[in-house]
Amino acid sequence: MTCDDIRNTLPDFLTGELSAKAKSAVDSHLASCASCAEAFHKVGETWTKLGVLPIEQPSPAVRDRFYTMLEAYAQGLEARSGEKASRRAFSLRGLFARNRPAFRFAAASAFVLAGVAGGLLVGRTGAFSQKFARLEREVEDMRQTAALSLLDRPSSSERLLGVSYSEQVQTPGEPTIAALLRILDADPSVNVRLAAVDALYLFAKDPRVKDGLVASLGRQDSPLVQVALIDLLTEIREQRAAEALKALIADEKIHPDVRERARQSLKSLTS
Amino acid sequence: MRTMTDHNLMTEVRDGQVEKLAILFERHHVSLFNYFLRLTGNRATSEDLVQEVFTRILKYRATYKGEDRYAVWMFKIARNAHIDLLRRQKTTLPLDEQFAEPADASAPPEDGLEREQDAALVARALARLTPRKQEILVLSRFQNMKYREIAELMECPVGTVKGTIHRAIEELGEIYSALTREKCHDLR
């Protein structure tokens with residue numbers, strides 16, 4: 001293959017549309033042609049560089065407007081088809097009135113379930129149960145996927161949103177728990193770490209969460225997060241926190257208010 | 001875990017279960033928003049366009065045949081919504097505003113993080129490509145569309161898509177390098 005032939009494959013190389021055979025030919029050519037190797041390296045770098053563009057989140061108003069439009073459309077459809085409008089058990093406008101992203105997401109999910117449930121209730125019970133359960137799994141999966149994706153974002157506001165989404169998950173999987181614990185341990189933003197403490201409180205019955213909370217106490221450097229963790233461990237009566245609390249009390253570099261809170265917590269746990 | 005495919009959901013929407021559009025909205029609205037944001041650089045316009053896409057999906061749901069992948073069909077609608085917007089802007093906006101750099105592309109980053117500065121520079125470079133090159137590059141790089149799908153969407157030969165991606169990425173690299181040099185020069 002000539003240099004021109006090889007360079008014609010550049011877009012395929014970038015987009016992953018290069019066949020295995022062609023890739024092998026390109027690789028062997030690049031190994032012996034510095035000029036083509038340089039050209040590939042240069043465009044490859046630009047292609048990769050595009051990855052720095054963050055995935056932006058639209059404002060909550062987008063969801064509001066969509067569900068308002070969908071509700072109006074569905075009502076119009078029902079009116080035209082002569083079906084009873086009472087199929088929908090609640091007003092979506094009311095549900096989306098609260099200005100909280102996680103709530104909106106939950107409400108959106110609830111709408112999906114309620115809407116489909118309403119539609120299916122008039123049908124056969126067996127078919128309804130199956131479809132409803134499948135949809136419920138799907139919504140749960142969507143929540144976890146959205147949360148996990150957001151928890152990895154470079155922007156702290158997106159990670160906060162991710163923590164918020166994860167609070168809506170009924171039965172968090174290993175990746176969600178691990179991501180929240182990782183956020184609690186290492187997130188550079190105190191606000192995000194505090195939000196993670198709140199989220200983990202909801203899953204505190206999980207032994208993995210208890211282990212993570214106890215281990216994290218000694219790793220925190222922010223007094224705010226230390227106090228939040230102490231309160232949580234006291235609330236769930238986690239006896240294994242005693243050692244970590246004693247270490248905090250003994251450490252003179254720790255903020256006096258935190259040490260005092262640790263003393264009270266230790267007293268409460270051992271009483 | 002078994003989930004309903006986009007195609008099955010859209011088929012049900014077409015057949016009257018319009019509430020299933022909520023699942024498609026939850027799956028795709030962020031992706032659509034980012035597609036529009038990269039083309040327009042304007043958050044409010046991009047949000048309006050997302051709304052317009054889902055309104056059109058409902059309006060034209062009966063025309064869904066499932067011949068293309070659902071995402072390709074949806075992006076055809078998205079593309080048309082964007083083209084209609086550009087047509088409307090051409091008749092209402094003064095020339096300098098029509099060709100102004102997208103707001104987000106030149107906005108200063110929120111903080112001093114290097115990655116955010118770099119992202120702002122890449123966004124500026126992308127905004128300097130022609131709209132067609134921008135669009136093909138965005139569909140390929142961010143929507144992971146195959147040449148065939150982009151060709152179907154843009155109604156052009158596959159070879160044209162391939163050639164455009166090649167030229168667009170080379171041009172983008174040059175613009176990015178020039179912007180980086182400008183930035184270094186400004187800092188001196």
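Residues numbered from 1 in each chain as written. Chains lettered and ligands numbered in written order. Predicted model: local features only at pLDDT ≥ 70, side-chain atom pairs only at ≥ 80, totals over all residues. Heavy atoms only, no water.

Draft legend 1. Expanded view of the nonpolar core. Of all hydrophobic cores here, the largest spans 81 residues; its most connected members are Ile 57 and Leu 137 of chain B. Ranked by residue count, the leading element in this core is helix H2 (residues 21-40) of chain B, at eleven residues. Each residue touching Leu 137 of chain B, except ones within four places of it in the same chain, is listed here: Trp 47 and Leu 50 of chain A together with Leu 126, Leu 129, Phe 142, Ile 165, Ala 168, Ile 169 and Leu 172 of chain B. Formed by 36 residues, the second largest nonpolar core is a distinct cluster that contains Ala 179, Val 209, Leu 245 and Leu 269 of chain A. (Core = buried A, V, L, I, M, F, W, Y, C linked by side-chain atoms within 4.5 Å. Buried < 20%, exposed > 50% of the residue type's maximum accessible area, 1.4 Å probe, protein only. Helix = DSSP H or I, 4+ residues; strand = E, 2+ residues; numbered from the N terminus. Contact = heavy atoms within 4.5 Å.)

Draft legend 2. Examining the environment of Met 154 of chain B more closely. Here Met 154 of chain B is to be found in helix H9 (residues 147-154). Once residues lying within four places of it in the same chain are set aside, the contact partners of Met 154 of chain B are Arg 79, Arg 132, Glu 135, Ile 136 and Leu 139 of chain B.

Draft legend 3. Main features of the interface of chain B and chain A. Counting from both sides, the interface comprises 51 residues of chain B and, opposite them, 46 residues of chain A. Of the roughly 4700 Å² buried where chain B meets chain A, counting both sides, 65% is carbon and sulfur surface. The interface formed by chain B and chain A contains five salt bridges. Here Lys 162 of chain B makes a salt bridge to Asp 12 of chain A, at a shortest N to O gap of 2.9 Å. (Buried area = accessible area lost by both parts, 1.4 Å probe. Salt bridge = Lys/Arg side-chain N within 4 Å of Asp/Glu carboxyl O.)

Draft legend 4. Local environment of the confidence of the model for chain B. Residue and element names in this part refer to chain B. When pLDDT is averaged across chain B, the result is 84; 84% of the residues are at 70 or more. Confidence, expressed as mean pLDDT per element, reaches its minimum in chain B at helix H5 (residues 95-98) with 40 and its maximum at helix H3 (residues 43-59) with 94. Note on residues 93-112: pLDDT under 50 across the span, and 25 contacts to partners over four residues away in sequence or across chains. (pLDDT = per-residue confidence, 0-100.)

Draft legend 5. Quick peek at unusual backbone geometry. At Arg 237 of chain A, a position not held by glycine, the phi torsion is positive, near 55 degrees. Here Arg 237 of chain A is to be found in the loop between helix H13 (223-235) and helix H14 (242-250). Positive phi outside glycine occurs at Asn 144 of chain B, with the angle close to 50 degrees. Tracing the chain through its elements places Asn 144 of chain B in the loop between helix H8 (131-141) and H9.

Draft legend 6. Main features of H8 of chain B. Across the eleven residues of H8 of chain B, nine count as buried, placing the element largely inside the fold. The set of residues buried in H8 of chain B consists of Lys 133, Gln 134, Glu 135, Ile 136, Leu 137, Val 138, Leu 139, Ser 140 and Arg 141 of chain B.

Draft legend 7. Inspection of H2 of chain B at higher detail. Of all the bends in H2 of chain B, the largest measures some 45 degrees and sits at His 28 of chain B. Counting buried positions over the 20 residues of H2 of chain B gives 18, a clear majority of the element. (Bend = angle between axes of the 7 residues up to and from the residue.)

Draft legend 8. Representation of the packing of helix H10 (residues 174-186) of chain A against helix H11 (residues 190-202) of chain A. Residues and elements named next belong to chain A. Interhelical geometry of H10 versus H11 gives an angle of 140 degrees and a closest axis separation of 8 Å. The orientation of H10 with respect to H11, classified from their angle, is oblique. The element H10 and its partner H11 pack so that their crossing is left-handed. Residues Leu 180, Leu 181, Ile 183 and Leu 184 of H10 touch H11, and the partners they reach there are Val 192, Arg 193, Ala 196, Val 197, Ala 199 and Leu 200. Residues of the contact of H10 with H11, tallied by class, amount to nine nonpolar, no polar and one charged. (Axes fitted to C-alpha atoms, helices over the stretch in contact; angles between N-to-C directions. Parallel < 35°, antiparallel > 145°, perpendicular 65-115°, else oblique. Left-handed = near helix turned anticlockwise from the far one by under 90°. Nonpolar A, V, L, I, M, F, W, Y, C, P; charged D, E, K, R; others polar.)

Draft legend 9. Just the packing of aromatic side chains, in detail. Per the stated rule, a full pass over the model turns up eleven aromatic pairs over all chains. Residues Tyr 70 of chain B and Trp 73 of chain B carry aromatic rings whose centres are separated by 6.2 Å and whose planes lie at 45 degrees to one another, so their mutual orientation is tilted. Here Trp 73 of chain B and Tyr 70 of chain B lie together in helix H4 (residues 70-92), a separation of three residues that amounts to about one turn. For the pair Tyr 70 of chain B and Trp 73 of chain B, one class covers both residues: buried. Aromatic ring contacts, followed pair by pair, group Phe 66 and Tyr 67 of chain A together with Phe 25 and Phe 54 of chain B into a single cluster. The ring of Phe 142 of chain B carries the charged tip of Arg 38 of chain B above its face, separated from the ring centre by 4.0 Å. (Phe/Tyr/Trp six-rings, centres within 6.5 Å; stacked < 30°, edge-to-face > 60°. Lys NZ or Arg CZ within 6 Å of the ring centre and 35° of its normal.)

Draft legend 10. Representation of the environment of Pro 54 of chain A within the structure. By secondary structure assignment, the location of Pro 54 of chain A is in the loop between helix H4 (34-49) and helix H5 (60-81). For Pro 54 of chain A, a relative accessible area of 32% corresponds to the partly exposed category. Excluding anything up to four places from it in sequence, Pro 54 of chain A contacts Asn 34, Arg 38 and Ala 119 of chain B.

Draft legend 11. Structural detail: the side chain of Ser 216 of chain A. Along the chain, Ser 216 of chain A falls in helix H12 (residues 207-217). Of note is the side chain of Ser 216 of chain A, whose polar atom sits 2.9 Å from the side chain of Gln 220 of chain A. (Polar contact = N/O pair within 3.5 Å; in protein donor to acceptor, adjacent residues only side chain to side chain.)

Draft legend 12. Highlighting the state of the cysteines. A full pass over the atoms with the stated rule returns zero disulfides over all chains. The thiol of Cys 3 of chain A is not disulfide-bonded; the next cysteine sulfur, from Cys 36 of chain A, is found 3.7 Å away. (Disulfide = S-S within 2.5 Å.)

Draft legend 13. Here's a closer look at the pattern of salt bridges. All names here are of chain A. Applying the stated criterion across every chain yields a total of 27 salt bridges over all chains. Notably, a salt bridge pairs Asp 211 with Arg 240, separated by 2.7 Å at the nearest N-O pair. Taken as a pair, Asp 211 in helix H12 and Arg 240 in the loop between H13 and H14 lie far apart in primary sequence, 29 residues in all. Judged by its relative accessible area of 45%, Arg 240 falls in the partly exposed class.

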